[in-house]
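Read off the chains here:
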Amino acid sequence: MNEVIFAKDIMLEQDVKKYFEIMLESAIRSHMTITTIFLKCVHSTSSEVNHSNVNTQITDFLTENIRKTDLLFQLADGEHWGIIFLQSSDVEANAFLKRIFHLLKKDSTLESRVALKASITEIRNNQINFEILVEKNKALLADNNQQQWWIEQIEDYRLQSIELVKVSIIEQNAIFRKVLETTLNSMDIANFTFDVTAYEDGYSFLQSNTYQSGHLHLIIMNDILPRNNGLEILHSLRTMPNEKRFLIYMMSERNSEIAALNAYEGGVDEFIVKPFNLRLLEAKIKRTFARYWL
């Protein structure tokens, strides 16, 4: 049985799991991309090759060539290295591999007859955990027929997560409330899906507790409402710990600078004067979510 060889001063597999989970959660929440590279050393069968020296040399080489924001680690079998790249795509990972492969081929300080092969996984959703990531990449690199300097790719996790958005419509006019509800339910916005609920007054909205959810929440409400008007609701929402999760549109029949000023100073994201074209409302919402996704 071969001895498992670890390079010194490198994070190991069991230490990286918690960091990966934190990075993934943060990346999904911020709509960023994580890309991982796994590398496996292709040793010569020659007894002249000192495997311990090779592992140390490759670790030192990788450490010198990654960015400060990248996380380098070694798997428990001692035969694989992993690198986690934040805010980088598979295109950048491919370019990185081609660069380091080129440098390694020319590096005369490394043991002879030694090469690497690699796999890339671009992650844009939370349908994966660290154990699955390691298992899939090790399996991909287990093929002994792969050539030296081979690069494989896993594409199962490239699709962006679809984010659920709570939508609350607070409008006392039953007909217009239904029109708004139909409009929002029919909207198609990339990477988002809407869960729409309508309320006839501010009190029923506040009693619903839907605004206490951690989801992104779009609120379209009138400024004048029976039982808790729009400004009262606005104040309640903007004093909550999760207030940054609210996107608040206020509608008003008052076409005045004072009304708009009071609304914006209170924390609305959009102030819309009635009557308005529904296509304008749709355009504003699409623009808001396009900017939110960046």
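Everything quoted here is computed from the prediction, not taken from an experiment.

Rules of the game
- Residues numbered from 1 in each chain as written.
- Predicted model: local features only at pLDDT ≥ 70, side-chain atom pairs only at ≥ 80, totals over all residues.
- Heavy atoms only, no water.
- Helix = DSSP H or I, 4+ residues; strand = E, 2+ residues; numbered from the N terminus.
- Buried < 20%, exposed > 50% of the residue type's maximum accessible area, 1.4 Å probe, protein only.
- Contact = heavy atoms within 4.5 Å.
- Lys, Arg positive; Asp, Glu negative; His and termini not counted.
- Charge placed at Lys NZ, Arg CZ, Asp CG, Glu CD.
- Phe/Tyr/Trp six-rings, centres within 6.5 Å; stacked < 30°, edge-to-face > 60°.
- Pairing = 2+ DSSP bridges.
- Axes fitted to C-alpha atoms, helices over the stretch in contact; angles between N-to-C directions.
- Salt bridge = Lys/Arg side-chain N within 4 Å of Asp/Glu carboxyl O.
- UniProt positions renumbered as here; feature names shortened; annotations may be inferred.
- Polar contact = N/O pair within 3.5 Å; in protein donor to acceptor, adjacent residues only side chain to side chain.
- Core = buried A, V, L, I, M, F, W, Y, C linked by side-chain atoms within 4.5 Å.

J.: Describe the overall build of the protein, with residues and values.
T.: In terms of regular secondary structure, the protein is built from nine helices and 11 strands. Taking all 294 residues of the protein together, 45% fall into the buried category. Contacts in the protein between residues far apart in sequence, at least 24 positions, make up 73% of those at least 6 positions apart. For the protein, the separation between the mean place of its 31 positive charges and that of its 39 negative charges on side chains is 3 Å.

J.: Describe in detail the packing of aromatic side chains, supporting the description with residues and values.
T.: Taken as a whole and assessed by the stated rule, the structure comprises 11 aromatic pairs. Taken together, a centroid distance of 5.8 Å and an interplanar angle of 70° make the contact between Phe176 and Phe276 edge-to-face. A residue pair is termed long-range when its members are at least 10 positions apart, and Phe176 in helix 5 (residues 174–186) and Phe276 in the loop between strand 11 (270–273) and helix 9 (278–293) qualify at 100 residues. Residue class for Phe276 comes out buried when judged on its relative accessible area of 17%.

J.: An account of the sheet that holds strand 8 (residues 192–199) is needed here, citing residue identities and associated values.
T.: Taken in spatial order, the five strands make up an open sheet running 8-7-9-10-11, and their pairing is parallel. What marks the edges here is a single partner per strand, and that holds for strand 8 and strand 11. Within the sheet, the average angular offset between the axes of one strand and its neighbour, ignoring direction, is 15°. As judged from the eight bridges shared by strand 7 (residues 163–170) and strand 8, these two strands associate in the parallel manner. Residue pairing across strands places Leu164 opposite Thr193, the latter belonging to strand 8. Along the sheet, helix 5 contacts strand 7, strand 8, strand 9 (216–222) and strand 10 (246–252); its crossing angle with strand 8, the most-contacted strand, is approximately 170°. Across the sheet, helix 7 (residues 230–238) lies against strand 7, strand 9 and strand 10, angled at about 170° from strand 10, the strand it touches most.

J.: Run through the pattern of salt bridges, naming residues and quoting values.
T.: Under the criterion given, the structure shown has 16 salt bridges. Measuring nitrogen to oxygen at the nearest pair gives 3.2 Å for the salt bridge that ties Arg227 to Asp201. Remark: Asp201 occurs in the loop between strand 8 and helix 6 (202–208) and Arg227 occurs in the loop between strand 9 and helix 7; sequence separation between them is 26 residues. With relative accessibility at 4%, the residue Asp201 sits in the buried group. Where salt bridges share partners, they join Asp90, Glu122, Arg124, Glu155 and Arg158 into one cluster.

J.: Let's hear about the UniProt feature "domain: Response regulatory" (unreviewed entry) in the protein: which residues, and what values?
T.: Per the UniProt entry, the sites bearing "domain: Response regulatory" (unreviewed entry) are residues 166–289 in this numbering. Between the first and last C-alpha atoms of residues 166–289 the distance is 13 Å; the span itself is 41% helix and 25% strand.

J.: Tell me about the environment of Asn185, and please be specific about residues and values.
T.: Along the chain, the position of Asn185 falls in helix 5. Expressed as a C-alpha distance, the spacing of Asn185 and Thr197, which sit 12 residues apart in the sequence, is 9.7 Å.

J.: How would you sum up the side chain of Glu122? Please name residues and give values.
T.: Tracing the backbone through its elements, the reader meets Glu122 in strand 5 (residues 115–123). A distance of 2.7 Å separates a polar atom in the side chain of Glu122 from the backbone nitrogen of Asp90. Within polar-contact distance, the side chain of Glu122 engages the side chain of Arg124 at 2.7 Å. Those residues within four positions of Glu122 in sequence are excluded, and the remaining contacts are Thr33, Ile34, Thr35, Ser89, Asp90, Ile154, Tyr157 and Arg158.

J.: So what's going on with the nonpolar core? Which residues, and what values?
T.: Within the largest apolar cluster, 23 residues are counted, with the highest numbers of intra-cluster contacts made by Ile37, Leu39, Leu62 and Leu97. Elements represented by at least two residues in this core include exactly strand 2 (34–42), helix 2 (51–65), strand 4 (80–86), helix 3 (90–106) and strand 5. Looking at this core, the element that brings in the most residues is helix 3, giving six residues. Filtering out sequence-adjacent residues up to four positions away, Leu97 remains in contact with Ile37, Leu39, Ala118, Ile120 and Ile151. Membership of the second largest hydrophobic core comes to 21 residues, among which are Leu184, Met187, Phe194 and Leu247.

J.: Could you give an account of the pairing of strand 6 (residues 151–154), naming the residues involved and the relevant values?
T.: Pairing between strand 5 and strand 6: four bridges, direction parallel. Residue pairing for strand 6: Ser119 is matched across the bridge by Glu152.

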